[in-house]
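A closer look at the structure
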Amino acid sequence: MKVRINPDKCTGHGQCAANAPDVFELDDFGYAIPFDTAVDPRSEDRARLGAAACPERAVQILD
Amino acid sequence: MLNAAPGIASGSVAKQRGAPPNMTNVETAGNDLYEGVPVVDFNPGMESPVLGNAQKMTELRELGPILRSSAAQGFWVLTDGELVREVLADPKTFSSSATVATMPDPPYLWIPQMLDPPEHTVWRRLLAPYFSPGNLKKLDASVQSRCNALLDEVVKQGGCAYRRDFADRYPTSIFLDMFGAPIEELEMFLAWERKVLHVTLDEDPDGSGQISAMMEVVGYFSELIEKRRKDPRDDIVSHSLTWEIDDKPIPTEQLLSFCLLMFLAGLDTVSIQLTYSTWHLATHPEDRRQIVENPDVIRTAVEELLRIYSFVPPSRKVARDIEFHGVPMKKGDMVFVTVSVPSHDPRLYPDSMRAQLDRQPNPHAAFGLGPHRCVGAALARRELVIAMEQWHQRIPNYRIKDGFAPLERGQMHGITELELEFT
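Keep in mind that this is a model prediction, so the values were computed, not measured.

**Describing the overall build of chain B**
Check the secondary structure of chain B and you find 15 helices and 17 strands. On C-alpha atoms alone, chain B measures out to a radius of gyration of 21 Å, which is about the 22 Å that the 2.2 N^0.38 rule sets for 423 residues. Principal-axis analysis of the C-alpha atoms places the extent of chain B at approximately 55 × 55 × 40 Å. Each of the 423 residues in chain B was classed as buried or not, and the buried ones make up 44%.

Spelled out as structure tokens, the structure:
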């Protein structure tokens, strides 16, 4: 599983990292940092939760 | 006292306050249509029982996704969460140059709330690091201790006026810490807050008390800025003197507009949300029991209570003639937007007014959407979680005093007071 963070939509709510701190990382301004590596299979459920918690719908799950 | 009062020209701020009570909040003005949409006499922020304003939006939704209010100068009203989302994500079309639906040409400027990109973006980059979840960890101990100290007093009383004794004092103490003002000035700030944000039309009929209190706030920060210029410390006011926009220091007048907005936006909002949350838990004993018995639920409970009691109305001004979902909107028109609409969207939350404290995921819109998303959201969340944890450790059982009927009021509507007794 991979995740795609859309930096044009992210406004820094931080809910991806609040729900899945082992998957998402925020920068010094509180915005999600895009990444291209695969999600650890043990964290996939949390990654889905983090994506679904985004009020801006800025996180897409790519299975 | 001041020659220039940034953020406050002229005397029309008082007009923002709610219209007199006992007027009906919503009436459809017959079967009138305006540019093809139903006309309603909708005046936001009327005094009503708790959740009356949110209930009104749900009733309006039945009439259509876009309505026209005949109140004040007339404005559009959005009742559909997806439309609210579109508007807040499109600052080029829907400007923040006016953010109160009944006031299209405000005589004040709040920075950065009333700026549009790109100016807005520059301010947000300056501010965001102070409120990022990473930076807030450093503040945690002082938030904990401010909360604890206030509860020491409240616990002794056997009951309290929740806003006066706790909810207003707590975020204000933290604001003073962050901005570098001494805690001894708390009473003075609380008095300003009451005059600026909580007076009724009866108490201050021409709004002069409100204006003069805002001038005093600006005067206070003006002196604090001069003090910190000579003797900088590790606080936001001192740091703001080193901020630059386009390689130039920010003019003092703009820094004052910024301090005024932080005062207006950062204090009342947390108090309102705490008071709604506590009202909810006082009137829903099964939810309170869940929090007392399982404090781990507090993190998601805070989000669910933010969702249900979403109260901020970040309205917008149309920047160019457009057709929005078939409705012709003209440059200069106001659009009333309130975040309860996406937070209660029945497509996302089928039983939207029922609290489910362990709800996950919960992509509510209490902190707004789009580039103006509340910059203080992470701090507000932390303050809410800490208050819920400490309060319920020390005061697990409480109820609303017999015969006390709480009311909400204001365009940014909140419960004005909550009389509690501990049981």
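**What to know about the overall build of chain A**
Scanning chain A from N- to C-terminus turns up two helices and two strands. Helices (α) and strands (β) of chain A occur, in sequence order from the N terminus, as β-α-α-β. For chain A, the spread of C-alpha atoms along the principal axes amounts to about 30 × 20 × 20 Å. With 63 residues in all, chain A has 43% of them scored as buried. Taking as baseline every contact in chain A between residues at least 6 positions apart, the subset at least 24 positions apart corresponds to 64%.

**Details of helix α11 (residues 268-283) of chain B**
Compared with the 22 Å implied by 1.5 Å per residue over 16 residues, the 22 Å span of α11 of chain B between its first and last C-alpha is a close match. Burial within α11 of chain B is extensive, with 15 of its 16 residues counted as buried.

**A short note on the sheet that holds strand β3 (residues 48-49) of chain B**
Strand pairs in the sheet, formed through backbone hydrogen bonds, run parallel or antiparallel to each other. Residues and elements named next belong to chain B. Pairing within the open sheet is antiparallel, and its three strands lie in the order β3-β15-β16. What marks the edges here is a single partner per strand, and that holds for β3 and β16 (414-415). Sheet topology note: the strand β15 (residues 407-409)/β16 ladder contains two bridges and is antiparallel. Opposite Glu408, over in β16, you have Ile415 as the bridge partner.

**Concerning helix α7 (residues 186-198) of chain B**
Residues and elements named next belong to chain B. For α7, which comprises 13 residues, the first-to-last C-alpha distance of 17 Å matches the rise-based estimate of 18 Å (1.5 Å per residue) to within 8%. Of the residues making up α7, those classed as buried are Phe189, Trp192, Val196 and Leu197. Along the axis of α7, the buried positions cluster into a sector of 100°, meaning they face one direction only. When the buried face of α7 is taken as reference, the exposed residues oriented beyond 90 degrees from it are Glu187 and Ala191. Tucked into the core, α7 has its buried residues touching α6 (169-179), α8 (208-230) and α11.

**A look at the interface of chain A and chain B**
By a widely used convention, the size of an interface equals the accessible area lost when the partners come together. At the interface, 15 residues of chain A touch 20 residues of chain B. Residues of the side of chain A that touches chain B, tallied by class, amount to seven nonpolar, six polar and two charged.

**Considering the packing of helix α4 (residues 133-157) of chain B against helix α15 (residues 377-394) of chain B**
Residues and elements named next belong to chain B. Running from N to C, α4 and α15 cross one another at 35°; their axes reach a closest spacing of 9 Å. For the crossing formed where α4 meets α15, the hand is right-handed. Of α15, the residues touching α4 (which contributes Pro133, Leu136, Asp140, Val143, Gln144, Cys147, Asn148, Leu151 and Val155) are Ala378, Leu379, Arg382, Glu383, Ile386, Ala387, Gln390, Trp391 and Arg394.

**With respect to the environment of Thr79 of chain B**
Residue and element names in this part refer to chain B. Its place among the elements puts Thr79 in the loop between β5 (75-78) and α2 (81-88). The sequence separation of Thr79 and Val341 amounts to 262 residues, and the corresponding C-alpha distance is 6.1 Å. Contact partners of Thr79, with chain neighbours within four places excluded, come to Met57, Leu60, Arg61, Pro65, Leu67 and Val341.

**Here we look at unusual backbone geometry**
Residues and elements named next belong to chain B. Of note, the amide linkage connecting Pro117 to Pro118 takes the cis form, showing an omega dihedral of 5°. With respect to the secondary-structure elements, Pro118 resides in the loop between β6 (94-95) and α3 (119-131). Backbone geometry at Glu35 places phi at a positive 50°, although glycine is not the residue there. By the element assignment, Glu35 lies in the loop between β1 (28-34) and β2 (37-40). Judged by the 14 C-beta atoms lying within 10 Å of it, Glu35 is partly exposed. The residue His325 is not glycine, and still its phi comes out positive at about 50°. Take His325: it is sitting in the loop between β11 (322-324) and β12 (327-329).

**Remarks on the sheet that holds strand β7 (residues 159-161) of chain B**
All names here are of chain B. Reading across the sheet, the three strands line up as β7-β17-β14 and stay open at both edges, with antiparallel pairing between neighbours. Only two strands of the sheet have a single partner each, and these edge strands are β7 and β14 (398-400). Ignoring which end each strand starts from, the neighbouring axes of this sheet average 25° apart. Relative to strand β17 (residues 419-422), β7 runs antiparallel, the two being bridged by three bridges.

**Structural notes on the nonpolar core**
With 103 residues, the main nonpolar core has Val77, Leu78, Val335 and Phe336 of chain B as its most contacted residues. With nine residues, the single largest contributor to this core is α15 of chain B. When neighbours within four sequence positions are excluded, Leu78 of chain B is seen to be in contact with Pro65, Ile66, Leu83, Val84, Val87, Val335, Phe336, Val337 and Val341 of chain B. Cys16, Ala32, Val39 and Ala51 of chain A belong to the second largest nonpolar core, which has 16 residues in total.

**Comments concerning the packing of α7 of chain B against α8 of chain B**
All names here are of chain B. Closest axis-to-axis distance for the α7/α8 pair is 8 Å, and the angle between their directions is 140°. Relative to α8, the element α7 lies oblique. At the point where α7 passes α8, the crossing takes the left-handed sense. From α7, Trp192, Lys195 and Val196 reach across to α8, where they touch Gly209, Gln210, Ala213, Met214, Glu216 and Val217. For the contact of α7 with α8, the residue count by class is five nonpolar, two polar and two charged.

**Some remarks on the environment of Asp41 of chain B**
Residue and element names in this part refer to chain B. Relative to the elements of secondary structure, Asp41 occurs in the loop between β2 and β3. According to the C-beta neighbour criterion, Asp41 is partly exposed, with 15 such atoms within 10 Å. Residues Asp41 and Arg68, spaced 27 residues apart in sequence, show a C-alpha to C-alpha distance of 8.3 Å.

Conventions used here
Residues numbered from 1 in each chain as written. Chains lettered and ligands numbered in written order. Predicted model: local features only at pLDDT ≥ 70, side-chain atom pairs only at ≥ 80, totals over all residues. Helix = DSSP H or I, 4+ residues; strand = E, 2+ residues; numbered from the N terminus. Rg over C-alpha atoms; globule rule 2.2 N^0.38 Å. Buried ≥ 20, exposed ≤ 12 C-beta atoms within 10 Å, placed from the backbone. Contact = placed C-beta atoms within 7 Å. Expected span 1.5 Å × (residues − 1). Pairing = 2+ DSSP bridges. Arc of directions from axis to C-beta. Nonpolar A, V, L, I, M, F, W, Y, C, P; charged D, E, K, R; others polar. Axes fitted to C-alpha atoms, helices over the stretch in contact; angles between N-to-C directions. Left-handed = near helix turned anticlockwise from the far one by under 90°. Core = buried A, V, L, I, M, F, W, Y, C linked by C-beta atoms within 7 Å. Parallel < 35°, antiparallel > 145°, perpendicular 65-115°, else oblique.

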